[in-house]
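# Structural characterization, general
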There are 2 protein chains.
Amino acid sequence: MKGNIVVGQSGGPTAVINSSVAGVYVAAKKLGVGKVYGMIHGIEGFLQDKLVDLDKYLDNPTGVELLKRTPSAFLGSCRFKMPKIEGHEDVYEKVFEIMEAHDIECLFYAGGNDSMDTVKMLSDYAAAHNKPQRFMGVPKTIDNDLPITDHCPGYGSAAKYIATSLKEIIRDNESFGAEKPTVCIVEIMGRNAGWLTAAAALAKGSDCSGADAIYLPERVFDMDAFMAKVKELAATKSSVVIAVSEGVHVADGRYVCELGKEVAVDAFGHKQMSGTAAMLANMVAAETGLKTRAVELSTLQRAATHLASLTDINEAFQAGSDAVKAANEGKTGMMITLDRNGDDPYQCGTSAYDIHAIANVERKVPDEWITEDGTGLTDKYEKYARPLIMGELLPIFVDGLPQHIVMDELLAK
Amino acid sequence: MKGNIVVGQSGGPTAVINSSVAGVYVAAKKLGVGKVYGMIHGIEGFLQDKLVDLDKYLDNPTGVELLKRTPSAFLGSCRFKMPKIEGHEDVYEKVFEIMEAHDIECLFYAGGNDSMDTVKMLSDYAAAHNKPQRFMGVPKTIDNDLPITDHCPGYGSAAKYIATSLKEIIRDNESFGAEKPTVCIVEIMGRNAGWLTAAAALAKGSDCSGADAIYLPERVFDMDAFMAKVKELAATKSSVVIAVSEGVHVADGRYVCELGKEVAVDAFGHKQMSGTAAMLANMVAAETGLKTRAVELSTLQRAATHLASLTDINEAFQAGSDAVKAANEGKTGMMITLDRNGDDPYQCGTSAYDIHAIANVERKVPDEWITEDGTGLTDKYEKYARPLIMGELLPIFVDGLPQHIVMDELLAK
């Protein structure tokens, strides 16, 4: 490539989305690309010509290393979706105008489903209008729900955080040996796909009895069966820990967290949306009289870079790096996929794949990876997921806390 | 000491309470003590003669190192409080009977306020009845609310976890640059004392703008002032992150989390106790129309040993170790205190202090460490707390997750 390139981040952040930016930057510099720009706040900021020359932050000995250890979107993210082309040609033309103004040959976009749709729309527009600019997608989502790719950068680190936290929560819950157990319900992200909640299965090992039941949104949630399971566990165990997806829903389609919605209002008289774990913990307490606790792993699932998986960081970096190489070979309208080549030892390569097969398709946990009674995962999941959480890249601690790299442009705001 | 000793853990676990058990074990073995017993589930289990010879787990090259990296109470904990002596002499006699049966000279008890009361009662009983057995307290509480001691083992690690998580949450919340900011309310433990919530102040640094406001239970929570503060912040910032103690309460004494209690019921018609952060986030959303998010750091504040402070681990170990040395000198009815000898560099020694001055006394954050408007901490807090979060003791990762040590006696249950 003779011109410049630009890289952007979009959608919910992950622990390793910045490693993909690092991969784009390092590979481009090796290939002799002129300037590597970052979009500030994704395509939304790009449309307002908000760019930063990444040399400012990364062209020094520690920049890339700090970036790999920085959570969330270093460049800022956005939830902006490109409109349909018809009737909105001006928005598309604006993108190409800004690319031309900065001599940008190729645009790299790290994100999930919606972001891959943006790559598709832009590359379709370029093809239809004979524009030379190229567009490449870099996969990113803790939800792990993109198709074709074996898994998504961001998932391994979220899974490592979830499994580690669950081990710690289980130990905490086990510490009291009362006659009546405490029932702890742990709520994990993932509204439609249960990949993140499935990671609770990884906690089990020689030093941990694991979660006692795991409920994914891939199966309909049966409240009676759930209550029966809790009572059965509580009858024999001194500690009960249950992992549930935030997206579990009952047969009529309502999310569990919506079940009390018509009656729960706050002091101001407004309806109160409570969490799935809180709702279930309250129901268990009311039905059984047992002590309950609700834990929502929340934002930290996608932000806890201090516990990121080295495998995940390396693959996120590689996805960014290989996107640049593919673009350099003239490819466009594609996303980099991670292709598993072996399990023992685990090996993973990449391909560039037609974005049309990927955008807007959601992949769920295969049915045969879920146990028959719907309260656990089979060995197939473990074989799939364990390699993804292996390895650590230690934070650089300053004043007792992990140090991050931050853009002046964003810190000031 | 010629005989044996026993060590127990009591109350809510911390990330480093096991380091105190390690300290007791290592110091006792160096002094030539015969057997070092652990009580299973504290004094409650001890009264049922539930003991384990710690050699079984710790007399090998990795036992103590794994124990220092294991969260929660390795021996199991309890919430049992010794009854008043009058009318319950049988319970006290039972303790001494079991001590004599196992030739136990001294009992070490790691815990917070209630546990120190147990040490006081037992040593008082021994003194009143001319019993030779000795009783020593080892401080432990993430709440940091024991008096006399400069700080409590467990607090530094909880503070490190809270500040690290807050940095990650702030980065996540900042990633979207919409015109309307997201207001994120982070709920931190500590019902009466604001020490844990104060740790949010440590997140601020060259790479992080820090929490925008911090509310401790030491000050009355004024809902109007809070709403005004949120609106003021939201008018100028693209991200607002506020830390609140779970114990914040309004002028009439009600906790904030109780404000909607009379109306919030779940699907079963039962009252629903929602969290403080959820309550405030709902109120802010209703009042301002802003997007809000509630995060409860929850159990992990006291269980996240994977991010423990090395300073805290070492001091917890030293407190256990020095309790043994003090007992070996004949002391009884005392708790080990941590005594700060200097700030630059930070230095900390220990003393043995009369348990009567400690049991049942609660220490709060000094008023002059809280800013005048009650929404932040002064430099005095930073100077106090920063040294306590310094250093790391890395987990031993096995199969991608931190490895713990576990007692067969507890895992099986």
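Predicted, not measured: the structure shown is a model, and the values here were computed from it. (Residues numbered from 1 in each chain as written. Chains lettered and ligands numbered in written order. Predicted model: local features only at pLDDT ≥ 70, side-chain atom pairs only at ≥ 80, totals over all residues. Heavy atoms only, no water.)

### A closer look at the overall build of chain A
On a plain count of helices and strands, chain A comes out with 14 helices and 13 strands. Here chain A has a C-alpha radius of gyration of 23 Å; the compact-globule value for 413 residues is 22 Å, and the two agree. With respect to the three principal axes, the spread of C-alpha positions in chain A is 70 × 45 × 45 Å. Within chain A, the fraction of its 413 residues that count as buried is 63%. Sequence-distant contacts in chain A: of pairs separated by 6 or more residues, those separated by 24 or more amount to 76%. Split by element, the accessible area of chain A, about 14200 Å² in all, is 49% carbon and sulfur. In chain A, 41 side chains carry a positive charge and 57 a negative one; their mean positions are 2 Å apart. (Helix = DSSP H or I, 4+ residues; strand = E, 2+ residues; numbered from the N terminus. Rg over C-alpha atoms; globule rule 2.2 N^0.38 Å. Buried < 20%, exposed > 50% of the residue type's maximum accessible area, 1.4 Å probe, protein only. Contact = heavy atoms within 4.5 Å. Areas by Shrake-Rupley, 256 points an atom, 1.4 Å probe, with all protein chains shown as cover. Lys, Arg positive; Asp, Glu negative; His and termini not counted. Charge placed at Lys NZ, Arg CZ, Asp CG, Glu CD.)

### A look at the sheet that holds strand 10 (residues 334-343) of chain B
Whenever strands of a sheet pair, they do so through backbone hydrogen bonds, lying parallel or antiparallel. Residues and elements named next belong to chain B. Spatially, 3-2-1-4-5-10-11 is the arrangement adopted by the seven strands of the open sheet, whose pairing is mixed. Because the sheet does not close on itself, it has two edges, and the strands there are strand 3 (51-53) and strand 11 (346-354). Neighbour-to-neighbour, the strand axes of this sheet turn through a mean angle of 30°, independent of strand direction. Examined bridge by bridge, strand 10 and strand 11 share nine bridges and lie antiparallel to one another. Residue Met335 lies in a different strand from strand 11, and its bridge partner there is Tyr353. This element, helix 5 (residues 89-101), spans strand 4 (104-111) and strand 5 (134-139) of the sheet and lies at about 120° to strand 4. (Pairing = 2+ DSSP bridges. Axes fitted to C-alpha atoms, helices over the stretch in contact; angles between N-to-C directions.)

### A short note on the packing of aromatic side chains
Counting across every chain of the model gives 24 aromatic pairs over all chains. A centroid spacing of 6.3 Å and a plane angle of 75° characterise the contact between Tyr155 of chain B and Trp195 of chain B, whose relative ring orientation is edge-to-face. Here Trp195 of chain B lies in helix 8 (residues 195-198) and Tyr155 of chain B lies in helix 7 (residues 155-174), a separation of 40 residues in the sequence. Trp195 of chain B matches Tyr155 of chain B in its accessibility class, with the two residues each being buried. By way of ring pairs, the aromatic residues Tyr155, Trp195, Trp369, Tyr381 and Tyr384 of chain A are connected into one cluster. Over the face of the ring belonging to Phe317 of chain A we find Lys68 of chain A, whose NZ or CZ atom lies 5.4 Å from the ring centre. (Phe/Tyr/Trp six-rings, centres within 6.5 Å; stacked < 30°, edge-to-face > 60°. Lys NZ or Arg CZ within 6 Å of the ring centre and 35° of its normal.)

### Focus on the pairing of strand 10 (residues 334-343) of chain A
Residue and element names in this part refer to chain A. Alignment of strand 5 (residues 134-139) against strand 10, held across two bridges, turns out to be parallel. Within strand 10, the position partnered with Met136 by the bridge is Met334. Here strand 10 folds back onto strand 11 (residues 346-354), and the loop between the two strands holds two residues.

### Looking at the confidence of the model for chain A
Residue and element names in this part refer to chain A. Counting all residues, the mean pLDDT for chain A is 93, and 95% of those residues have values of 70 or more. In the model, residues 262-268 has pLDDT below 50 throughout and makes 28 contacts with residues more than four positions away in sequence or in other chains. Both scores are available for the predicted complex, with the pTM at 0.95 and the ipTM at 0.95. (pLDDT = per-residue confidence, 0-100.)

### A word on the relation of the copies chain B and chain A
With an RMSD of 0.0 Å, chain B superimposes on chain A once it is rotated by 180° and translated 0.0 Å along the axis. Those values place the two copies in the arrangement expected of a two-fold rotation axis. Here 100% of the contact residues of chain B are again contact residues in chain A; the copies associate through an equivalent surface. (Least-squares fit on C-alpha atoms with pLDDT ≥ 70 in both.)

### Quick notes on unusual backbone geometry
For residues that are not glycine, phi is negative in most cases, and the peptide bond is trans in most cases. All names here are of chain A. Between Asp344 and Pro345 the backbone carries a cis peptide bond, its omega angle lying at 5°. Its location among the elements puts Pro345 in the loop between strand 10 and strand 11. Even without glycine at this site, Asp399 takes up a positive phi of about 55°. With respect to the secondary-structure elements, Asp399 resides in the loop between strand 12 (397-398) and strand 13 (401-402).

### Points about the environment of Ala243 of chain A
Residues and elements named next belong to chain A. Structurally, the position occupied by Ala243 is in strand 8 (residues 239-245). Along the sequence, Ala243 and Ala316 sit 73 residues apart, while their C-alpha atoms lie 27 Å from each other. Each residue touching Ala243, except ones within four places of it in the same chain, is listed here: Val186, Ile188, Thr197, Ala200, Ala213, Ile214 and Tyr215.

### Observations concerning the interface of chain B and chain A
In this assembly, 85 residues from chain B lie in contact with 85 residues from chain A. Contact between chain B and chain A buries roughly 6800 Å² in total, counting both sides, with carbon and sulfur atoms accounting for 58%. Counting the contacts that link chain B with chain A gives two salt bridges. Arg302 of chain A is paired through a salt bridge with Asp172 of chain B; the nearest N and O atoms lie 2.7 Å apart. (Buried area = accessible area lost by both parts, 1.4 Å probe. Salt bridge = Lys/Arg side-chain N within 4 Å of Asp/Glu carboxyl O.)

### A look at the pairing of strand 2 (residues 36-39) of chain A
Residues and elements named next belong to chain A. Side chains of strand 2 alternate between two faces, with Val36 and Gly38 and Tyr37 and Met39 buried alike. Pairing of strand 1 (residues 4-9) with strand 2, which is carried by three bridges, proceeds in the parallel orientation. Counted as the bridge partner of Val6 is Tyr37 from strand 2. Examined bridge by bridge, strand 2 and strand 3 (residues 51-53) share three bridges and lie antiparallel to one another. Bridging across to strand 3, Met39 finds its partner in Leu51.

### Some points on the sheet that holds strand 8 of chain A
All names here are of chain A. Pairing in this open sheet of four strands is parallel, and the strands run 7-8-6-9 from one edge to the other. On the outer flanks of this sheet lie strand 7 (213-215) and strand 9 (291-296), each paired with one strand and no other. Across the sheet, the mean angle from the axis of one strand to that of its neighbour is 20°, orientation sign disregarded. Pairing of strand 6 (residues 182-188) with strand 8, which is carried by seven bridges, proceeds in the parallel orientation. In the strand pairing of strand 8, Val186 is matched with Ala243. Across the sheet, helix 9 (residues 223-236) touches strand 6, strand 7 and strand 8, and the angle it forms with strand 8 is around 155°.

### With respect to the pattern of salt bridges
All names here are of chain A. Under the criterion given, the structure shown has 48 salt bridges over all chains. In this structure, Asp55 engages Lys29 in a salt bridge whose closest nitrogen and oxygen atoms are separated by 3.2 Å. Note that Asp55 is positioned in helix 3 (residues 55-58) and Lys29 in helix 1 (residues 17-30), a separation of 26 residues in sequence. Under the relative-accessibility criterion, Lys29 is labelled partly exposed at 29%. Where salt bridges share partners, they join Lys56, Asp408 and Glu409 into one cluster.

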